[in-house]
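Structural features, examined
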Amino acid sequence: MIRNRAELAADSGHEVALDCIEAAVDAAAPDVATRSAVSRDGQTLTVGESTYDLDEYGDIVVVGGGKAAGGVTRVLESVLGDSLGGGHIVAKQAVDTETVRCTVGDHPLPSDRNVEATVDILDAVDAADADTLVLFVLTGGASALLSAPAGDLTLADLQTTTDRLLDGGVPIGEVNAVRKHLSDLKGGHIARRAAPATVAGLLISDVVGNDLSTIGSGPSVPDETTYADALGVFERYDLSPPPAVRDHLEAGRDGRIPETPFPDDPTFDRVANHLIGDNATALDAAAAVAQEAGYDPLVLTSRLRGEAREVAHPLVAIAEEAAATGTPVEPPAVFLAGGETTVTVTGDGGRGGPNQELVLSGALAHDGDAVIAAVDTDGEDGSSDVAGAIADATDVEDRERAREALLANDAGTYLSEIGATVETGPTGTNVNDVVVLVVPDTSR
């Protein structure tokens, strides 16, 4: 999986960290997650804890999007066979599906082809009736891949808004609160448009805490945020939306545009959403690999968030405490964390992403022998073409140059120069970031 593994595996600590990364990504594979949650016995389809009698439906369709949508859809096709009538998904990479159409879209910013495919998906959903079972696939990346500008908004409005929010270091929950109110699909609208059809949502989480209304901006989930909340995001982070976006949000706040459907909306009477994969799945797999290698693993959290370069410091401090005192576990140990950190871009034209900033910041702060690795499980750290990075303190020899790169949001350039970036290519899944700290037993 890791294309440049031979160059990165400098010693046993690096090798264990790389093993943990590969195990984490493997465990989050969409086909694995789907097969664990979906099965069929005759005409009874089971999704999670819900069952669906296929004889009750005149049509069964699969729609949705996200970086892992293709893998989920392929399993659904194999399970349903001739019972599946068709559908349409939008994915980041081309997927060889048989019955369901797959459109390749763009991420992290929405594009014309994203919008065209999403319009087709909405047409299919609008055509659903009480005899239709809609299997709605939603995975990380869907907020951009599924794009349907609301009202008079344009694609350019969505692109500019997304760019400003991401560069402003806004947490994903608040980014998606805005997206929900600029879309004809997000924030429960897919459920509203599908009614009175039966909707079964299959969700793979890429958000901290697995809030279903935040995953992909919650197209099939009730929305508890409002237009006023969306406006508040821009005020809180001192950001300016495009004029058309501000006008649209103010119209909603003032009651001139209907709010997104709330939890008590009858739209959701025939909707069930099923979480089939998340970050904890990946961390558990990494912990098992570490234990097999003779290390004491400890999962610290699957809810990591905050500015990447700052988040690195307490993680490194835990590794140093373990090395010095054996607390909270005795070395050799592996500490694991997952979630989604952010980067507030202040540099000009730098390369990298939050995982690369975390690793470089951690290596600069560390005064021990721990190996620090961090990757985005989708294989693309931020807007870069690498998954993340791996390093220890000795790898960062030119510390002044490294600090300058970190301050300029150019961690990727420096880490690439020292051969510390992790290259996987697109993995076909997305369950947030995975951080691994390997603490050797130096007493031996």
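Reference entry: report on the structure contained in this document.

**Quick word on unusual backbone geometry**
Cis geometry is adopted by the peptide bond preceding Pro108, which originates at His107 and carries an omega value of 10°. Pro331 connects to Pro332 through a cis peptide bond whose omega is 5°. On the secondary structure map, Pro332 appears in the loop between α13 (308-325) and β11 (333-342). The phi angle at Ser217 is positive, at roughly 65°, despite the residue not being glycine. Structurally, Ser217 is set in the loop between β8 (198-204) and α10 (227-236). Its relative accessible area of 0% is what places Ser217 among the buried residues. With a phi angle near 75°, Asn432 is a residue other than glycine that sits in the positive phi range. For Asn432, the location among the structural elements is in the loop between β14 (421-422) and β15 (433-439). Assessed through its relative accessible area of 3%, Asn432 is described here as buried.

**Things to note about the sheet that holds β8**
Pairing is parallel across the open sheet formed by six strands, whose spatial order is β6-β5-β4-β7-β8-β9. Two strands in the sheet have a free side with no partner beyond their single neighbour: β6 (101-104) and β9 (271-277). Along the sheet, successive strands turn relative to each other by an average axial angle of 15°, direction set aside. For strand β5 (residues 86-91) and β6, the ladder comprises four bridges, and the chain directions are parallel. Looking across to β6, one finds that His88 is bridged to Arg101. In the packing of helix α3 (residues 30-37) onto the sheet, the strands contacted are β8 and β9, and the crossing angle to β9 comes to about 125°. Against the sheet, helix α5 (residues 112-126) touches β4 (59-65), β5 and β6, its axis set at about 150° to β5.

**Digging into α5**
Between its first and last C-alpha, α5 extends 21 Å over 15 residues, near the 21 Å set by a 1.5 Å rise per residue. Looking at α5, one finds that the buried residues are Asn114, Val115, Ala117, Thr118, Ile121, Leu122 and Val125. Seen end-on, α5 carries its buried residues on one side only, within an arc spanning 165°. Among the exposed residues of α5, those oriented more than 90 degrees off its buried face are Asp112 and Glu116.

**Some thoughts on the packing of helix α2 (residues 12-27) against helix α12 (residues 279-292)**
Look at α2 against α12: their axes get within 7 Å of each other, and the N-to-C directions meet at 140°. Between α2 and α12, the crossing angle belongs to the class labelled oblique. For the element pair α2 and α12, the recorded crossing hand is right-handed. Between α2 and α12, the contacting residues are Asp19, Cys20, Ala23, Ala24 and Ala27 on the first element and Thr281, Ala282, Ala285, Ala286, Val289 and Ala290 on the second. Here the residues of the contact of α2 with α12 are counted per class, giving nine nonpolar, one polar and one charged.

Definitions and cut-offs
- Residues numbered from 1 in each chain as written.
- Predicted model: local features only at pLDDT ≥ 70, side-chain atom pairs only at ≥ 80, totals over all residues.
- Heavy atoms only, no water.
- Helix = DSSP H or I, 4+ residues; strand = E, 2+ residues; numbered from the N terminus.
- Buried < 20%, exposed > 50% of the residue type's maximum accessible area, 1.4 Å probe, protein only.
- Pairing = 2+ DSSP bridges.
- Axes fitted to C-alpha atoms, helices over the stretch in contact; angles between N-to-C directions.
- Contact = heavy atoms within 4.5 Å.
- Expected span 1.5 Å × (residues − 1).
- Arc of directions from axis to C-beta.
- Parallel < 35°, antiparallel > 145°, perpendicular 65-115°, else oblique.
- Left-handed = near helix turned anticlockwise from the far one by under 90°.
- Nonpolar A, V, L, I, M, F, W, Y, C, P; charged D, E, K, R; others polar.

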